[in-house]
Amino acid sequence: MSLAHALEADVLRRQDPQLAEILLGERERQASTLQLIAAENFTSPAVLAALGSPLANKYAEGYPGARHHGGCEIVDVAERLAVDRAKALFGAEHANVQAHSGSSAVLAAYAALLRPGDTVLALGLPYGGHLTHGSPANFSGRWFDFVPYGVDAETGLIDHTQVRTLARAHRPKAIVCGSTAYPRHLDHAFFREVADEVGAYLIADAAHPIGLVAGKAAPSPVPYADIVCATTHKVLRGPRGGMILCGGELAERVDRAVFPFTQGGAQMHTIAAKAVAFGEAATPAFSAYAHQVVANARVLAAALEAEGLVVTTGGTDTHLITADPAPLGVDGRTARGRLAAAGMVLDCCPLPHTDVRGLRLGTAAVTTQGMGEAEMPRIAKLLAGALREESDTRLTREDVRELVGAFPPYPR
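Now for a quick tour of the structure. (Residues numbered from 1 in each chain as written. Predicted model: local features only at pLDDT ≥ 70, side-chain atom pairs only at ≥ 80, totals over all residues. Heavy atoms only, no water.)

1. Quick word on a nonpolar patch on the surface
A cluster of nonpolar side chains, Leu19, Ile22 and Leu23, forms an exposed patch at the surface whose accessible area comes to about 270 Å². Position of Leu19 among the secondary structure elements: in helix H2 (residues 17–32). (Patch = residues over 30% accessible without salt bridge, like charges linked within 9 Å, V, L, I, M, F, W, Y side chains within 5 Å. Areas by Shrake-Rupley, 256 points an atom, 1.4 Å probe, with all protein chains shown as cover. Salt bridge = Lys/Arg side-chain N within 4 Å of Asp/Glu carboxyl O. Helix = DSSP H or I, 4+ residues; strand = E, 2+ residues; numbered from the N terminus.)

If you want it as structure tokens, here you go:
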């Protein structure tokens, strides 16, 4: 912990000891358990510093040079810096960095291009699609007519023939390519081709792979999609938030869809933290990190298979792995609980073409901690061991604590 953070923690202990204990407890949880949730990561101290900066005090509705509040001359500089860095990092003509989350970014993309009742083609939720891709519990499923495409029952890969057939049959206003639990690279050129054939917009939901794109460890959707929606956390290792990338011809529509249509005041401390993260992601060190994330995921996937789990699609191209623990005698929900008791934190997800749930895990956070390919088989062994009936979760928890203790997320 830095001196500044130590002083801030001391102030909080004096003013609100109850909340201070909660924050310290969360810090201890992160430092003593394996963080394998695919959507999580550890930000840098610099990102944390921006999040806790005086910019949190500033109201800044609108955009640089056109705010609805006075006193925005400094935050205007911060937002312009974030926008310029995002455009340079991803090779985009325009960037909006105000979206509060990935879902907010997708909402704004729909608002910019669609009207209620329009037809949208997207990956179905049982196959790895996100809630914003047509869930009836989400605004997307209530406002638009979603047609789901799926994955091949044998390979687990997106069924391109089905995508083209559905697009021709339904003539959607937009096609969404992206997922929350698909471990392979998407063929953006194919989706662009289909979209052009039926006169549809192409929206890329790159919330998961955008950090790999920044590190040149995954193909970029920017040259192909009309709008790219993304988060700034996950592999990108920035603050929790969203962003939108697009061409210049859609810039005004996207900006107006974010503000004033779907959001109010921008969170300037978060935007400043996004600028920090974009700057970090433009370095050779981050590129090396992104490639290591993928290398770790591939080794971990192979090690999980060796331990008896069934890895969907036979592996991964990204940071993300989905696997069925059934061969070890446990379903996904039970497995998640047993692993949590053993100090390993991950998620469940639907397994395509089944009625059961599997495990979804990722390597972004453990790679940030400094773990490499040598540690992945050990993680797989700990995970599989905790799922076997004869295992003692207390002993596994000690092994986990020992492993993460050697790779602290924030060395003191």
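2. Brief notes about the packing of aromatic side chains
A full pass over the atoms with the stated rule returns nine aromatic pairs. Relative to Phe191, the ring of Phe190 has its centre 5.4 Å away and its plane inclined at 75°; by these criteria the two rings are edge-to-face. Accessibility classification places Phe190 together with Phe191 in one group, the buried group. By way of ring pairs, the aromatic residues Tyr110, Phe139, Trp143, Phe144 and Phe146 are connected into one cluster. Between Arg237 and the ring centre of Tyr289, over which it is positioned, the NZ or CZ distance is 3.9 Å. (Phe/Tyr/Trp six-rings, centres within 6.5 Å; stacked < 30°, edge-to-face > 60°. Buried < 20%, exposed > 50% of the residue type's maximum accessible area, 1.4 Å probe, protein only. Lys NZ or Arg CZ within 6 Å of the ring centre and 35° of its normal.)

3. A closer look at the sheet that holds strand S7 (residues 174–178)
Here seven strands make up an open sheet; going across it, the order is S4-S10-S9-S8-S7-S5-S6 and the pairing mixed. The open sheet is flanked by strand S4 (94–96) and strand S6 (145–149), the only strands paired with a single partner. The sheet shows a mean angle of 20° between the axes of neighbouring strands, direction not considered. Taken together, the three bridges between S4 and strand S10 (residues 242–246) define a ladder with antiparallel strand orientation. Directly across from Ala95, in S10, lies its bridge partner Leu245. Along the sheet, helix H7 (residues 160–170) contacts strand S5 (119–123), S6 and S7; its crossing angle with S6, the most-contacted strand, is approximately 155°. Running over the sheet, helix H8 (residues 188–198) touches S6, S7 and strand S8 (201–205) and is turned about 170° from S7. (Pairing = 2+ DSSP bridges. Axes fitted to C-alpha atoms, helices over the stretch in contact; angles between N-to-C directions. Contact = heavy atoms within 4.5 Å.)

4. A word on the nonpolar core
Counting residues in hydrophobic clusters, the biggest one holds 59 residues, and the most contacted among them are Phe90, Tyr149, Ile158, Ile175 and Phe191. Looking at this core, the element that brings in the most residues is helix H4 (residues 73–90), giving six residues. When neighbours within four sequence positions are excluded, Phe90 is seen to be in contact with Ile210, Val213, Ala214, Val222, Met243 and Leu245. Counting residues in each nonpolar core, the second largest holds 34 residues, with Leu304, Ile321, Met344 and Ala384 among its members. (Core = buried A, V, L, I, M, F, W, Y, C linked by side-chain atoms within 4.5 Å.)

5. Things to note about the state of the cysteines
Defined simply, a disulfide is a covalent bond joining two cysteines at their sulfur atoms. On inspection of all chains with the given rule, the structure shows zero disulfides. Free of any disulfide, Cys246 has its nearest neighbouring cysteine sulfur in Cys229, separated by 9.7 Å. (Disulfide = S-S within 2.5 Å.)

6. Quick notes on the pairing of strand S14 (residues 347–350)
Examined bridge by bridge, S14 and strand S15 (residues 357–362) share four bridges and lie antiparallel to one another. Considered in S15, the bridge of Asp347 is made with Arg360.

7. Here we look at the pattern of salt bridges
Applying the stated criterion across every chain yields a total of 16 salt bridges. One salt bridge connects Arg164 with Glu193, and the closest N-O pair in it is separated by 2.8 Å. Separated by 29 residues along the polypeptide, Arg164 in helix H7 and Glu193 in helix H8 bring together distant segments of the chain. A relative accessible area of 44% means that Glu193 is categorised as partly exposed. In this structure, the salt-bridge partner of Glu402 is Arg378, at a minimum N-O distance of 3.9 Å. Pair noted here: Glu402 is in helix H16 (residues 393–405) and Arg378 is in helix H15 (residues 376–387), with a separation of 24 residues, a long-range link. Overall, Glu402 belongs to the exposed group, its relative accessible area being 53%.

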